[in-house]
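So you can see what is in the structure, the chains are spelled out below.
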Amino acid sequence: MAAAGSGARAGHENWSSRSAFILAAVGSAVGLGNMWRFPAEAGENGGGAFVLFYIFCVLLIGLPVLLSEVLIGRHGQANAPESVRRLARDSKASEGWSVLASMGVFAAFLILSFYCVVGGWVVYYIGVFASDLFQTGLSGGAFQGRDPEEIKALMPGLFADGTLMAGLNLGFLGVTMFFVARGVSSGIEWVAVYLMPLFFVLFLAITIYGAFTGNFAEAVAYLFTFDFSKLTGEVMLAAVGQAFFSLSLGVAGMMTYGAYANRDTNLGETSGIIAGADTAVALLAGLAIFPIVFAAGLSTNAGPGLMFESLPIAFQQMPFGSAIGLAFFVMIFFAALTSSVSLLEAPTAYVFEKFKLARPVATIIVGAGAAVLGVLSALSFNDLAEFYPLGFIPLFAETNFFDTLDGVTAKLFMPIGAILTCIFVGWIADARLIDSENGLDGALHKLWRALVRFVCPIVLAVILFVGLTS
Ligand code: PFF
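Residues numbered from 1 in each chain as written. Predicted model: local features only at pLDDT ≥ 70, side-chain atom pairs only at ≥ 80, totals over all residues. Heavy atoms only, no water.

In the annotation of an unreviewed UniProt entry, the entry for the protein reads Transporter, and the organism field reads Erythrobacter longus. Recorded in UniProt for the protein, the comment headed Subcellular location (unreviewed entry) runs: "Membrane". (UniProt positions renumbered as here; feature names shortened; annotations may be inferred.)

Peer 1: Would you explain the packing of aromatic side chains in this entry?
Peer 2: Across all of its chains, the model carries 41 aromatic pairs by this definition. Across the ring face of Phe245, the terminal group of Arg37 is positioned such that the distance to the ring centre comes to 4.7 Å. (Phe/Tyr/Trp six-rings, centres within 6.5 Å; stacked < 30°, edge-to-face > 60°. Lys NZ or Arg CZ within 6 Å of the ring centre and 35° of its normal.)

Peer 1: What should I look at first to understand the site of the ligand in this one?
Peer 2: Taken together, 15 residues sit near the ligand, with Ala29, Gly33, Tyr115, Phe245 and Ser248 positioned nearest. A distance of 3.1 Å is found between a nitrogen atom of the ligand and a backbone nitrogen or oxygen belonging to Ser28. When the free accessible area of the ligand is taken as 340 Å², the share hidden by the protein chains comes to 100%. Of the pockets mapped on this structure, the ligand occupies the largest cavity. Breaking the shell around the ligand down by element, the ones donating at least two residues are helix 1 (18-29), helix 2 (32-44), helix 11 (233-246) and helix 15 (321-354). Each residue belonging to the shell around the ligand can be placed in one class, and the counts come to 6 nonpolar, 9 polar and no charged. (Near = heavy atom within 4 Å. Polar contact = N/O pair within 3.5 Å; in protein donor to acceptor, adjacent residues only side chain to side chain. Areas by Shrake-Rupley, 256 points an atom, 1.4 Å probe, with all protein chains shown as cover. 1 Å grid on protein atoms, 1.4 Å probe; cavity = no way out; pocket = protein on both sides within 12 Å on 5 of 7 lines; lining within 4 Å. Sits in = over half its atoms within 2 Å of the grid points. Helix = DSSP H or I, 4+ residues; strand = E, 2+ residues; numbered from the N terminus. Nonpolar A, V, L, I, M, F, W, Y, C, P; charged D, E, K, R; others polar.)

Peer 1: Sorry, what's going on with the packing of helix 5 (residues 99-136) against helix 17 (residues 401-428) here?
Peer 2: The relative placement of two packed helices is expressed as an angle between their axes plus a distance between the axes. Viewed as axis vectors pointing N to C, helix 5 and helix 17 meet at an angle of 145°, and their least axial separation amounts to 9 Å. Crossing angle aside, the handedness with which helix 5 passes helix 17 is left-handed. Where helix 5 abuts helix 17, its residues Leu100, Met103, Phe106, Ala107, Leu110, Ile111, Ser113, Phe114, Val117, Val118 and Trp121 lie against Phe402, Leu405, Asp406, Thr409, Phe413, Met414, Ile416, Gly417, Leu420, Thr421 and Phe424. Looking at side-chain class alone, the contact of helix 5 with helix 17 contains 17 nonpolar, 4 polar and 1 charged residues. (Axes fitted to C-alpha atoms, helices over the stretch in contact; angles between N-to-C directions. Left-handed = near helix turned anticlockwise from the far one by under 90°. Contact = heavy atoms within 4.5 Å.)

Here it is in structure tokens:
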């Protein structure tokens, strides 16, 4: 195990270096949220209005909350609820504040369950491209001689097959469990340190290709033309939810990773790097996917299927299409795995520390629960398509199990968790303790404090209210 930094509590694991922490946190942030959810949300919520409000949310809300979360974790050096409890105790405040992190741990568990379903879709496409490469060889585009309609039908074909989807979901969850069970340095850190650099190389290559070959100008106009009339309460709530989802906030994930950070890591600076990298990948993913969507004449509001339906068509027209397609989905797999690992780590760390279990045992307990919910999510595209668990609430009317979990976590748990985190860090916790952790000084420190105390909770409460009531 890596050497613990000064100040780490006995028996607690640590990242082996600052760059390992950054890679793991960026690995948590960059994932399906950037490549799959961001373009789909932007497409369904009016493009530019959503995107610009999203950037606003990242800078003014996401970044301050991110720093607050890693700071709580680093101070506590424990699972998320215990870290909040320790900071509360050290600040002579009520330990009841730990409920904000308990809610987060539960939300991370819910997200994990449907995240692995989408991870399973990625595995399916890896299989599709691998077999195509095997059949057609390296030269020429993917799926030679096949009609684009047939390629587009791959996704609905998968959606119709509940058993296959449930199986792929369990496979993806199993791989996630394997790495979490191995622990911080030989599992979680290993995945991030080896897979994230590979991800970035593949990602840049594919983005540059998209920019040169697709309908780039139309995509830029679509993503960056700000039309005020499209900025409704619902769009704002969707944007803030996406910012949290993408930065892994409001669900104890970043608190858990912050707990493994050494004392000499500057958390302010590190948070800036994490948020910057995550936002750059989201925007570049939009700029890679929409040119292809426009060039192929596909609809922007295809929702969850957007990335999975549009890109295989593009790979058909590309030289070395099957190999590039395979590389693309392998790259998404890496990004998704580094995120699902963090989603599983938050509840697992809680369970094994709280109940004094061995890490692998806790991993299996949490993983088994996520498997059950994941199968229900997988079936919500077929056998359980008409099952609307929260159908009595207007915001979730006619929303299947999968979309309900996604909506409840991003639109309720994450903003509420973040509001409570801001109140706790900005008003309740001892300011001297907070200042000894945040790595900020001067004007930046004042700005961060003002954002955490006033701007974030107020803006979030207003958006939550408007989004839920409109
Ligand atoms: N940020 C991840 C993504 O964009 O795919 C999803 C995620 C990971 C959310 C970890 C929350 C979390 F704790």
